Amino acid sequence: MWQDLLVAVVVALAAAWTVWRVILPAGLRARLLGRAAPKGAGCGGGCKGCGPAGGGGSSCH
């Protein structure tokens with residue numbers, strides 16, 4: 001009997017971890033925890049373009 005309960009707890013924890021880490025987007029996880037949403041890496045993080053910004057560098061950074 002206790003083995004069945006232990007297996008049920010392990011399966012429930014595995015399912016919760018899968019939903020939290022794999023299925024939910026990072027922005028939603030951050031919002032549920034009350035944190036700021038993570039910014040995307042590179043030029044996908046809200047910049048206006050990836051072209052040179054005067055000095056030959058990227059306008060994103």
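Shown above is the structure to which this text applies.
Small disclaimer: the values here were computed from a predicted structure and weren't measured.

A word on the overall build of the chain. Within the chain, the secondary structure is distributed over 2 helices and 0 strands. Considering the chain as a whole, with its 61 residues, one finds that 3% of them fall into the buried category. Counting only carbon and sulfur atoms, one obtains 66% of the accessible surface of the chain, whose full area is about 5100 Å².

Bringing a nonpolar patch on the surface into the picture now. On the surface, W17, V19, V22 and I23 cluster together into a nonpolar patch covering about 430 Å² of accessible area. One can find W17 in helix α1 (residues 2–23). Classification of W17 as exposed rests on a relative accessible area of 53%.

Right, let's get into the side chain of R29. With respect to the helices and strands, the residue R29 is situated in helix α2 (residues 26–33). In this structure R29 is buried but unpaired, with D4 as the nearest side chain of opposite charge at 31 Å. Every residue in contact with R29, bar those within four places of it in the chain, is listed here: W20, R21 and L24.

With that settled, the discussion passes to the environment of G27. Turning to its location among the elements, G27 is positioned in helix α2. Here G27 falls in the partly exposed class, since its relative accessible area comes to 31%. Each C-alpha atom of the pair G27 and K39 lies 9.0 Å from the other, and the pair is 12 residues apart in sequence.

What counts, and where the lines are drawn
Residues numbered from 1 in each chain as written. Predicted model: local features only at pLDDT ≥ 70, side-chain atom pairs only at ≥ 80, totals over all residues. Heavy atoms only, no water. Helix = DSSP H or I, 4+ residues; strand = E, 2+ residues; numbered from the N terminus. Buried < 20%, exposed > 50% of the residue type's maximum accessible area, 1.4 Å probe, protein only. Areas by Shrake-Rupley, 256 points an atom, 1.4 Å probe, with all protein chains shown as cover. Patch = residues over 30% accessible without salt bridge, like charges linked within 9 Å, V, L, I, M, F, W, Y side chains within 5 Å. Salt bridge = Lys/Arg side-chain N within 4 Å of Asp/Glu carboxyl O. Lys, Arg positive; Asp, Glu negative; His and termini not counted. Contact = heavy atoms within 4.5 Å.

Purely geometric numbers; function is a separate question.
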